[in-house]
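Okay, here's what each chain looks like letter by letter:
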Amino acid sequence: MTLTSRRRTRTYAVALAAGALALSACSSGGGGSDPKGSKEPKMESQDISLGTAADSTGPAKDLAGAKKGGTVSVLQRDAFEHLDPGQIYVSDELIMQTLYNRTLTNYQVDDKTGKVKLVGDLATDTGKSSDGGRTWTYTLKDGLKFEDGSPITSKDVRQAVERLYAPFETNGPTYLQQWLSGEGQKYRKALPDGPYKGKHLPTSVLDTPDDKTIVFHFDQPRAEVPFAVAMPNITAVPPAKDTKEKYDKAPVSSGPYKIRNFKPGKGIQFVKNDQWDPKTDSIRHQYVNTFNVSFGHQWVDSTRRLQADKGADRNGMTFTNAVDPSQISSVLKDKATMARSMTKTQPYVDVVSINLDRVKDKKVREAIAWAFPSGQYLQQFGGPKAGEVGGGLVGPTLKGYDPSFDPFEKKKYPGGNAKKAKELLKEAGKEGYELVYAYGNGETHQDASVVVQQALERAGFKVQKKEIDQTTYYTQIGKLDNKYDLYRSSWGADWPSASTVVPPVYGGKNVYDDSANYSHLKVPSVDKEIDRVAKVSDLNQATTDWIKLSEKLFTDEVPAVPTFYNRLFTLWGSGLGGVKYNSVYGAVDPTAVFVK
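Residues numbered from 1 in each chain as written. Predicted model: local features only at pLDDT ≥ 70, side-chain atom pairs only at ≥ 80, totals over all residues. Heavy atoms only, no water.

Participant: Is there a simple way to think about the pattern of salt bridges in this case?
Facilitator: Where charged atoms of side chains with opposite charge meet at close range, the side chains can pair. Applying the stated criterion to the full structure yields 28 salt bridges. Between D125 and K128 there is a salt bridge, with its nearest N and O atoms 2.4 Å apart. According to the relative accessible area criterion, D125 is buried, its value standing at 9%. One salt bridge connects K212 with D142, and the closest N-O pair in it is separated by 2.1 Å. Taken together, the positions of K212 in the loop between β7 (206-210) and β8 (213-217) and D142 in the loop between β6 (135-139) and α2 (154-162) put the pair 70 residues apart, joining distant regions of the chain. One network of salt bridges, in which partners are shared, links D84, R163, E169 and D242. (Salt bridge = Lys/Arg side-chain N within 4 Å of Asp/Glu carboxyl O. Buried < 20%, exposed > 50% of the residue type's maximum accessible area, 1.4 Å probe, protein only. Helix = DSSP H or I, 4+ residues; strand = E, 2+ residues; numbered from the N terminus.)

Participant: Sorry if this is basic, but what is going on with the environment of D210 here?
Facilitator: Looking at the secondary structure, you find D210 in strand β7. In sequence terms D210 and S154 are 56 residues apart; their C-alpha atoms lie 7.1 Å from each other. Those residues in contact with D210 that sit more than four places away from it in its chain are S154 and K155. From its side chain, D210 meets the backbone nitrogen of K212 in a polar contact 2.8 Å long. (Contact = heavy atoms within 4.5 Å. Polar contact = N/O pair within 3.5 Å; in protein donor to acceptor, adjacent residues only side chain to side chain.)

Participant: Is there a simple way to think about the packing of helix α14 (residues 524-534) against helix α15 (residues 539-557) in this case?
Facilitator: The description of two helices packed together rests on the angle between their axes and the distance between the axes. Packing of α14 against α15 leaves a shortest axis separation of 10 Å and a crossing angle of 170 degrees. Here α14 is positioned roughly antiparallel relative to α15, judged by the angle of their axes. Within the contact between the two elements, α14 uses V526, E529, I530, R532, V533 and A534 and α15 uses A542, D545, W546, L549 and L553. Grouping the amino acids of the contact of α14 with α15 by side-chain chemistry returns eight nonpolar, no polar and three charged. (Axes fitted to C-alpha atoms, helices over the stretch in contact; angles between N-to-C directions. Parallel < 35°, antiparallel > 145°, perpendicular 65-115°, else oblique. Nonpolar A, V, L, I, M, F, W, Y, C, P; charged D, E, K, R; others polar.)

Participant: In this structure, what is going on with the sheet that holds β6? I would like to understand it.
Facilitator: Read across the open sheet, the four strands follow the order β5-β6-β8-β7; overall the sheet is antiparallel. Each end of this open sheet is capped by a strand with a single partner; those strands are β5 (128-130) and β7. Sheet twist, expressed as the mean angle between neighbouring strand axes with direction ignored, is 25 degrees. The sheet contact formed by β6 and β8 spans five bridges and is antiparallel. Across the sheet, residue T139 finds its bridge partner in β8, namely T213. Strand contacts of α2: β7 and β8, with the helix running at about 165 degrees to β7, the strand carrying the most contacts. (Pairing = 2+ DSSP bridges.)

Participant: I keep staring at the side chain of Q97 and nothing clicks. Help me out?
Facilitator: Residue position: Q97 is located in the loop between α1 (91-96) and β3 (105-109). At a separation of 2.8 Å, a polar atom in the side chain of Q97 contacts the main-chain carbonyl oxygen of L94. Discounting chain neighbours no more than four positions away, the residues touching Q97 are I88, P232 and Y585.

The structure is reproduced here in structure tokens:
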């Protein structure tokens with residue numbers, strides 16, 4: 001399916017057996033996210049520091065008790081659509097690519113504390129800025145090689161960046177190319193065929209003066225470049241082995257593992273890359289011989305197998321599969337299983353987008369926001385283990401997040417405030433307003449749709465439900481001329497700044513087919529403020545300004561209803577050590593895993 005640049009969690013494709021949780025909270029009260037006595041970890045912002053050149057120097061510190069060898073089985077629900085780093089932008093693929101793909105900078109996750117530091121990966125450090133933040137220079141480390149033994153040079157990084165302009169690169173993040181060459185889809189005009197016809201970006205935009213140096217030139221200060229070049233698409237691709245679209249099935253490795261036996265829809269193996277030099281890498285280890293990833297494991301299956309902890313599953317894990325909602329109570333009672341579990345805050349915010357091309361009356365949108373049963377909705381996905389009811393459009397992993405911001409009182413009224421919604425509909429003269437609510441055809445979303453329909457009808461709406469095939473869900477809701485009024489979407493901050501949420505999801509320049517601006521919000525005052533904040537060079541001030549803008553546009557325009565901030569509750573086998581969490585990607589990190 002054709003998708004645009006978006007970072008999302010895979011939960012839209014859920015097809016779970018929700019068991020007793022289904023429709024368990026249909027009354028107007030109850031069903032909140034964190035009831036009294038809940039032991040869920042507090043949702044906190046990611047505190048990512050910028051590392052030094054010393055922090056960027058390998059090898060990564062060895063883990064106590066770590067051993068080399070063995071095979072790890074990885075149970076995944078969804079098949080990987082993309083292996084090309086330029087096309088990767090969903091949670092499971094984001095964490096998967098850390099095994100074979102290295103970027104200019106990357107995230108170093110402390111094996112003991114879980115604290116995150118941004119360091120140089122291919123580069124010697126996080127970058128040096130000049131010209132008031134308009135120019136950023138990166139120097140490549142010594143000893144970098146591709147899996148075939150050829151050296152990684154600045155020309156390979158240039159190839160990786162310039163190929164993102166080609167028309168077949170449609171799914172990955174667009175921060176760097178937009179900052180270099182124009183917002184929205186305008187950047188493609190700068191190099192419409194990518195580098196494939198011998199043309200390159202001018203040196204005034206992207207310069208590679210020698211084999212070790214990459215220089216980016218921007219037309220305004222860009223304080224967040226070190227984070228943007230940590231995205232999977234700012235990597236190294238050897239021009240001679242760039243097979244364009246076919247690269248999506250067999251990319252060349254620069255990391256500790258390389259790809260073997262990729263069978264689309266079935267599975268993939270990652271085996272050791274003997275050309276990777278640990279002295280160049282302060283992030284990754286190469287303990288395991290092979291990672292065997294198999295697809296098609298619904299959460300019911302992966303939970304059952306990892307809890308049973310038998311045979312090969314003792315050395316089993318998952319990158320992103322959560323504990324199945326129907327089995328949560330069983331797992332919670334099992335002390336041995338809980339000892340090899342984690343419950344972590346993810347950077348994803350689930351919302352129900354309101355199509356502003358169809359629902360034009362703000363009072364109607366406010367009525368929807370008041371009526372929506374966020375707490376009951378969350379119950380269908382696992383309750384407190386799956387997340388926390390959300391009050392705003394940006395989540396708690398972002399610095400500056402205000403937990404008290406909840407203008408539609410979603411935490412106070414988990415089943416929705418039908419009385420307030422009715423009053424607004426009456427004021428607007430829109431009693432009985434008909435809404436078309438679209439949702440994916442997974443079992444949990446079907447159950448959740450009943451909860452949503454009942455709550456909205458209690459508030460005086462008429463609701464027509466439209467079920468969409470989950471495999472084409474985002475394609476359908478991504479059409480500007482879609483015939484739906486409400487539809488769920490999920491977006492994750494690419495790094496702990498609302499700059500990676502507000503512009504891509506609520507900026508008017510991103511209103512086009514397949515954009516992440518599902519509400520089609522296009523407000524000049526919002527866009528003007530986006531442009532202003534983007535030029536703020538002080539990161540702390542920019543952080544504050546982005547949060548304020550997210551809150552203002554939410555209350556002024558009501559383009560969506562926040563439902564919940566995501567948590568990941570997951571398991572692994574007792575035969576594994578070194579399992580940790582990558583808070584940036586919201587997934588289980590495989591880079592230090594070993595077989596005991």
